[in-house]
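Residue strings, one per chain:
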Amino acid sequence: MVFAHDVEMALQAATVLANSALEPVTIRSPAELATWFEDFSYTGRHDEDDDELAAVLDLRGELRELLTASRDEAVVLVNRMLAEEGALPQLVRHDAFDYHLHAITSDAPLRARIRVETAMAMVDVIRADEMSRLGVCSDDDCEGVVLDLSRNRSRRFCSTACGNRNAVAAYRSRQRG
């Protein structure tokens, strides 16, 4: 494990949310947002309505900017996000999770909690100087965000589909050559 469990989950959630704007669009309804919410173990307030969906989907550009920023740019973005949401880090333990950080109340809107949890996760990435674990997909036709939590830092593609497409193209190229 490169980072603490809550940091990895927040980074994975932010990556999936940022990439959900790309084709094929993966979050289009409150029900699909609810699945995302459950998949990434979010807790607390979840309105499950169109207003919440619109507010969360509006974050995708900001998350993409943060996840693909340089280290110095990420610091500015993280500090702004935490200040705007009035974040106050606290250790908490709930459900099946041991002590971890929350920096906003559980009854805050989901949009605010996503911003704060992503920013808090990025604090660890920045402090550990691990920005190289974030990048853009190596597929020439894709702009997806890549989160590489592998031990050997070998992840280059945002999804299995992009990886497979490039493997097939490379194989075909070798067969022709």
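What comes next concerns the included structure. Keep in mind that what you see is a predicted model, and the values were worked out from it rather than measured. (Residues numbered from 1 in each chain as written. Predicted model: local features only at pLDDT ≥ 70, side-chain atom pairs only at ≥ 80, totals over all residues. Heavy atoms only, no water.)

**A closer look at a nonpolar patch on the surface**
A grouping of L91, Y99 and L101 is seen on the molecular surface, where their side chains present a nonpolar patch of about 340 Å² in accessible area. Of note, L101 is situated in strand β2 (residues 97-102). (Patch = residues over 30% accessible without salt bridge, like charges linked within 9 Å, V, L, I, M, F, W, Y side chains within 5 Å. Areas by Shrake-Rupley, 256 points an atom, 1.4 Å probe, with all protein chains shown as cover. Salt bridge = Lys/Arg side-chain N within 4 Å of Asp/Glu carboxyl O. Helix = DSSP H or I, 4+ residues; strand = E, 2+ residues; numbered from the N terminus.)

**Here we look at the nonpolar core**
L11, W36, Y42, L63, L67, I114 and M122 are the most contacted members of the largest nonpolar core, which totals 45 residues. Only α1 (5-19), α2 (30-39), α3 (50-57), α4 (60-67), α5 (71-84), α6 (110-127) and β4 (145-147) provide two or more residues apiece to this core. Examining the composition of this core, we find that ten residues originate from one element, α6, more than from any other. Counting residues in each nonpolar core, the second largest holds six residues, with C137, C142, V146 and F157 among its members. (Core = buried A, V, L, I, M, F, W, Y, C linked by side-chain atoms within 4.5 Å. Buried < 20%, exposed > 50% of the residue type's maximum accessible area, 1.4 Å probe, protein only.)

**Some points on the pairing of strand β1 (residues 90-94)**
Successive residues of a regular strand alternate their side chains across the two faces of the sheet. Across four bridges, β1 lies against β2 in antiparallel orientation. Bridge pairing links H94 to F97 in β2. Between the antiparallel neighbours β1 and β2 lie two residues, among them D95 with a positive phi of about 45 degrees. (Pairing = 2+ DSSP bridges.)

**Things to note about the environment of T15**
By the secondary structure assignment, T15 is in helix α1. Judged by its relative accessible area of 7%, T15 falls in the buried class. Placed 86 residues apart in sequence, T15 and L101 show a C-alpha to C-alpha distance of 19 Å. When residues no more than four places from it in sequence are discounted, the contact partners of T15 are L67, V145 and L147. (Contact = heavy atoms within 4.5 Å.)

**Focus on α2**
Buried within α2 we find L33, A34, W36 and F37. Take α2 and look down its axis: the buried residues cluster within an arc of 160 degrees, on one side only. When the buried face of α2 is taken as reference, the exposed residues oriented beyond 90 degrees from it are A31, E38 and D39. Against the buried residues of α2 lie α1, α3 and α6. Backbone geometry just after α2 places S41 at a positive phi near 55 degrees. (Arc of directions from axis to C-beta.)

**Remarks on the packing of aromatic side chains**
As enumerated under the stated definition, the model contains three aromatic pairs in all. Ring geometry for F37 and Y42: centres 6.0 Å apart, planes at 35 degrees, overall tilted. Assessed through its relative accessible area of 9%, F37 is described here as buried. (Phe/Tyr/Trp six-rings, centres within 6.5 Å; stacked < 30°, edge-to-face > 60°.)

**With respect to the environment of C137**
Within the fold, C137 resides in the loop between β3 (134-136) and β4. Apart from residues lying up to four places away in sequence, C137 is in contact with C142, G144, V146, R156, F157, C158 and C162.

Functional significance is not addressed by these values, which are geometric in nature.
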